[in-house]
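Reading the structure
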Amino acid sequence: PAPSGEDCGDASALLVRRPRPGPVGVPRAFSSRSSMRLPPYVCAILSSPTGHLLVEERPADARTAAGQLTCFGGKLEPGETGLDGLLRELREELGWQPAEPPRRAVDLHVDGDLIAWFYEAAAPSTDAALAFEPGRRGVWMSEAELLVHPRLSEWHRAVLNSWRTGRDRADFVTRGA
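A short tour of the structure in this document, coming up. All of these numbers come straight from a predicted model, not from anything done at the bench.

Below, the discussion takes up the overall build of the chain. Looking only at helices and strands, the chain has 3 helices and 9 strands in total. In the chain, the proportion of contacts linking residues at least 24 apart, taken out of those at least 6 apart, comes to 71%. For the chain, the exposed surface amounts to about 8700 Å²; the carbon and sulfur share of it is 54%.

This is the structure we're talking about:
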């Protein structure tokens, strides 16, 4: 398994890791689809059979979540479905696409507004060569370690807490709401 907090490198180098066998976890049931309205964002929870998650360390000058740890993903483009947008983002940000279609896992609501659909997928194999976007880095962390990490985005912490307990909705309330 990847050591805790292992740096996956940046776009200037391809990462090659040792193989890690085993299937991804059990699919979650999704029950609270109150609306099929598309959110503005989609993200991927990339998990390994060993309980490690592959997350992005955002650049210090990023417009959103600067310097924080987040799941990979981004804004939907006009005409895209959630899944199409997610797969595009994974190709752009990692130079990779999952072998099996990701499953919608958690809807993120901030101050009552639907902000993002989070999908779960098997993380890239440990021998996969990943090509990160310039200035971006991937980091492997255990689920437990990531959930208490001080640089984990608050929104992503709420989503990961819901995901690990099998809930399909995460509600985040900002301090001013």
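That was the structure; now back to the text.
Core analysis: the biggest nonpolar cluster contains 24 residues, and Ile 45, Leu 108, Phe 118, Leu 146 and Leu 160 have the highest contact counts within it. If you list the elements that add at least two residues to this core, you get strand 2 (41–47), strand 3 (52–57), strand 6 (103–110), strand 7 (113–122), strand 8 (137–142), helix 2 (143–147), helix 3 (154–164) and strand 9 (169–172). Setting aside chain neighbours within four positions, we find Leu 160 in contact with Ile 45, Leu 53, Cys 71, Leu 146, Leu 147 and Leu 152. Leu 86, Leu 94, Trp 117 and Ala 121 belong to the second-largest nonpolar core, a separate cluster that totals 19 residues.

In an α-helix, one turn spans 3.6 residues; hence positions three or four apart end up facing the same way. Spanning 13 residues, helix 1 (residues 82–94) covers 18 Å between terminal C-alpha atoms, matching the ideal 18 Å at 1.5 Å per step. When we look at burial in helix 1, the residues that qualify are Gly 82, Gly 85, Leu 86, Leu 87, Arg 88, Glu 89, Leu 90, Glu 93 and Leu 94. Packing partners of the buried residues in helix 1 comprise strand 2, strand 3, strand 5 (72–75) and strand 7. Positive phi appears at Gly 95, one or two residues downstream of helix 1, with a value of about 65°.

What follows is about unusual backbone geometry. You will see that Ala 65, though not glycine, has its phi angle at about 55°, which is positive. Residue placement: Ala 65 occurs in the loop between strand 3 and strand 4 (69–70). With relative accessibility at 26%, the residue Ala 65 sits in the partly exposed group. Backbone geometry at Asp 111 places phi at a positive 50°, although glycine is not the residue there. Classification of Asp 111 by relative accessible area gives partly exposed; the value is 35%.

This next bit is on the pairing of strand 6. Burial analysis of strand 6 places 7 of its 8 residues in the buried class, the great majority of the element. Here 7 bridges tie strand 6 to strand 7, and the two strands are oriented antiparallel to one another. Bridging across to strand 7, Arg 103 finds its partner in Glu 120. Between the end of strand 6 and the start of strand 7, which pair antiparallel, lie 2 residues, with Asp 111 showing a positive phi angle near 50°. Bridge count for strand 6 against strand 9 is 4 bridges, and the pairing is parallel. Bridging across to strand 9, Val 110 finds its partner in Phe 172.

This part covers the pattern of salt bridges. Counted by the stated rule, this structure contains 12 salt bridges. Taken together, the shared-partner salt bridges connect Glu 77, Glu 80, Arg 88, Glu 89 and Glu 92 into one network.

The subject of this paragraph is the environment of Arg 164. When you line up the elements, Arg 164 lands in helix 3. The spatial distance from the C-alpha of Arg 164 to the C-alpha of Glu 143 is 8.6 Å, given a sequence separation of 21 residues.

For the rest of this paragraph, the subject is the state of the cysteines. On inspection of all chains with the given rule, the structure shows 0 disulfides. Of all cysteine sulfurs in the structure, the one in Cys 71 sits closest to Cys 43, which takes part in no disulfide; the separation is 6.2 Å. The exposure class of Cys 43 is buried, given its relative accessible area of 8%.

Conventions used here
Residues numbered from 1 in each chain as written. Predicted model: local features only at pLDDT ≥ 70, side-chain atom pairs only at ≥ 80, totals over all residues. Heavy atoms only, no water. Helix = DSSP H or I, 4+ residues; strand = E, 2+ residues; numbered from the N terminus. Contact = heavy atoms within 4.5 Å. Areas by Shrake-Rupley, 256 points an atom, 1.4 Å probe, with all protein chains shown as cover. Core = buried A, V, L, I, M, F, W, Y, C linked by side-chain atoms within 4.5 Å. Buried < 20%, exposed > 50% of the residue type's maximum accessible area, 1.4 Å probe, protein only. Expected span 1.5 Å × (residues − 1). Pairing = 2+ DSSP bridges. Salt bridge = Lys/Arg side-chain N within 4 Å of Asp/Glu carboxyl O. Disulfide = S-S within 2.5 Å.

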